[in-house]
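Structural description and commentary
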Amino acid sequence: MKIKRIVTITFFLLFLASVAVFVFFGPQIRAALSPEVTYDYPNFAEAGGRMLNVLPSSAVWTGEDGGTYVWKISRSDEFPEPAFVVNACPLAIEKEKDGKVYFGFSYGSIDSSDAVAVGWDTDLKEGMCVRPER
Amino acid sequence: MVRSEGRRGFFEKKPGKKLYKRGKEKNLLDAAASVLLVLFALFIVSPVIVVAVRAFSEGTKPFVDFYVWKPVYLRGLANSLVISLSASLGTVLVSVLAAYVFAKVKFRGRSVIFYLYIIVMMMPFQVTLLPQYIVSRRFELYDSPGAMILPGIFVPFAAFLLTQVMKSVPDELIEAARLDTGSTLRIIWHIIVPTIRPGIICAWVLSFTEQWNAVAEPIILMETREKYPLAILLNEIQPGDILGFAATLMFFLAPLLLFSFFEDEVMEGLGDYGLK
């Protein structure tokens, strides 16, 4: 009986402690667990007589369906602290030259005001929290 | 048992008839009854087992999501803990004092007030929900944990239970203590509380569980999602989402651990005193 009480109260105190730690120190824990990504904004450039957006080639990745995507960084309101998440956006590349990709405007894709991840160390997933650095 | 001559009690058999089968037949009947009871118990516990198995089906990822990446549910759990612990501790404090008055202090109208307590206790909570809303608005407690905690402190069930418990404390004990000290609060704290400790713990655990499981009151008395207890937020989790099972497991962990720790006191409080 005494062992049962000791085990139960230990679990209960651990339960309370875990809730308290993650409530009060959650932002710091999330920041430590979020991967760092380098971001940039698309630039404009003229190509073939048209104004196109330009991004470094490192921003582009190929999805499982064979399509080309970039990671758009946006603010998330899911967390009590300011946080950023990445979402995959399709990209219709019109031209690739000198380590840069040129793409036009399209529905559902990114525009010049969107922050795009151009470098990351760990694999990113849809909706993942990140720490953007310029 | 007092009965008229020549009449049998309900369970009494005719003279010469065996009440129980003996030997092998008794063992078979006992075994069959045990198997049925075990199956019934498993049937009752099966939802808990299903939740626990599904929660761990993807390893620890759902729990990492619960603690780190979906903080709204963790905050809901924290809100539930704050509301339930505050309300239940307040309930015990108020109910011990009320129970002392009902059990040991004789005054005119005591029975009437006690019966009013019982009547209010038997009312469904929906009856008092609108008055609670009006009072929370008037006291500017709406959309705050106080809107749940303050009404939760003044529940009649705990006072009723503790009144029955306190009736078992001998009056001579209180009179002897009064010779040493005239202070009623000191008598309650030093003499009565240690004597009825199991009943107090039973009242506390039951109040905690009642507040923990409250669903309708938070919906009416709160509107900010960040202040909702976890009982409300569990409705938002998508069906089939393993996070829902993990959150459900975390939700019933607190009352389960509390009840497990205080099992003896709860059984004693309900069994010994509840029968009186």
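Residues numbered from 1 in each chain as written. Chains lettered and ligands numbered in written order. Predicted model: local features only at pLDDT ≥ 70, side-chain atom pairs only at ≥ 80, totals over all residues. Heavy atoms only, no water.

1. Re the pairing of strand β9 (residues 115–120) of chain A
Residues and elements named next belong to chain A.
- With 4 bridges joining them, strand β1 (residues 36–40) and β9 adopt antiparallel strand pairing. Pairing of D40 across the sheet is with V116, part of β9.
- Bridge count between strand β5 (residues 68–76) and β9: 2 bridges; the pairing is antiparallel. The partner of I73 across the bridge, within β9, is A115. (Pairing = 2+ DSSP bridges. Helix = DSSP H or I, 4+ residues; strand = E, 2+ residues; numbered from the N terminus.)

2. Some details on the interface of chain B and chain A
- With 20 residues of chain B at the contact, the number on the chain A side is 21 residues.
- Interface area for chain B against chain A, summed over the two sides, is near 2000 Å², with a carbon-plus-sulfur share of 72%.
- The interface formed by chain B and chain A holds 4 salt bridges in total.
- Of the charged contacts in the structure, one is a salt bridge between A:K4 and B:E263, with a shortest N-O distance of 2.5 Å.
- Here chain B is connected to chain A by 5 residue pairs in polar contact (both at pLDDT 80 or more). (Contact = heavy atoms within 4.5 Å. Buried area = accessible area lost by both parts, 1.4 Å probe. Salt bridge = Lys/Arg side-chain N within 4 Å of Asp/Glu carboxyl O. Polar contact = N/O pair within 3.5 Å; in protein donor to acceptor, adjacent residues only side chain to side chain.)

3. Some points on the domain arrangement of chain B
Residues and elements named next belong to chain B.
- Split into domains, chain B comes out as domain 1 (19–55) and domain 2 (70–273).
- Computed over C-alpha atoms only, the centres of domain 1 and domain 2 are separated by 34 Å.
- Taken residue by residue, the interface counts 5 residues in domain 1 and 7 residues in domain 2.
- If you sort the residues of domain 1 by the area they bury against domain 2, V51, R54 and A55 come out on top, with a joint share of 79%.
- Summed over the shared surface of domain 1 and domain 2, the result is 0 salt bridges.
- There are 0 residue pairs in polar contact (both at pLDDT 80 or more) connecting domain 1 and domain 2.
- Taken together, the residues that form the side of domain 1 that touches domain 2 break down as 4 nonpolar, no polar and 1 charged. (Domains from an automatic or database assignment. Nonpolar A, V, L, I, M, F, W, Y, C, P; charged D, E, K, R; others polar.)

4. Here's the deal with helix α1 (residues 2–24) of chain A
- Here α1(A) is 23 residues long and its end C-alpha atoms lie 33 Å apart, about the 33 Å a rise of 1.5 Å per residue gives.
- The complete set of buried residues in α1(A) reads A:T8, A:F12, A:F15, A:S18 and A:V19.
- Buried residues in α1(A) make contact with α2 (61–69), α3 (71–104), α13 (242–251) and α14 (253–261) of chain B. (Expected span 1.5 Å × (residues − 1). Buried < 20%, exposed > 50% of the residue type's maximum accessible area, 1.4 Å probe, protein only.)

5. Examining the pattern of salt bridges
Residue and element names in this part refer to chain B.
- Scanning all chains against the criterion turns up 12 salt bridges over all chains.
- Close ionic contact of E265 with R197 constitutes a salt bridge, the shortest N to O distance being 3.6 Å. Highlighted residues: E265 in helix α15 (residues 263–273) and R197 in helix α10 (residues 197–212), separated in sequence by 68 residues.
- Among the residues examined, E265 registers a relative accessible area of 4% and is labelled buried.

6. Thoughts on the pairing of strand β10 (residues 129–133) of chain A
Residues and elements named next belong to chain A.
- Strand direction decides the pairing type here: β1 and β10, joined by 3 bridges, are parallel. Each residue of the ladder has a partner; that of V37, found in β10, is P132.
- Relative to β10, strand β6 (residues 83–90) is paired through 2 bridges, and the arrangement is antiparallel. Bridge pairing in β10 places V85 opposite C129.

7. Looking at the layout of surface pockets
- Counted as a void, the largest pocket has a volume near 590 Å³.
- As for the largest pocket, its lining consists of 23 residues, and the residues nearest its centre are B:T128, B:Q132, B:P151, B:V155 and B:E210.
- Listing elements by their share of the lining of the largest pocket, those giving two or more residues are α4 (110–122), α5 (125–138), α6 (145–153), α7 (156–166), α10 and α11 (216–221) of chain B.
- Partitioning the lining of the largest pocket into residue classes produces 17 nonpolar, 4 polar and 2 charged.
- Surrounding the second largest pocket, 13 residues form its lining, A:E126, A:G127, A:M128, B:D65 and B:W69 being those nearest its centre.
- The element best represented in the lining of the second largest pocket is α2(B), accounting for 3 residues.
- Residues that form the lining of the second largest pocket fall into these classes: 5 nonpolar, 2 polar and 6 charged. (1 Å grid on protein atoms, 1.4 Å probe; cavity = no way out; pocket = protein on both sides within 12 Å on 5 of 7 lines; lining within 4 Å. Points joined across faces, edges and corners; volume = space filled by probe spheres on them.)

8. Description of the domain arrangement of chain A
- Under the domain assignment, chain A is made up of domain 1 (1–33) and domain 2 (36–133).
- Look at where the C-alpha atoms of domain 1 of chain A and domain 2 of chain A centre, and you get two points 39 Å apart.

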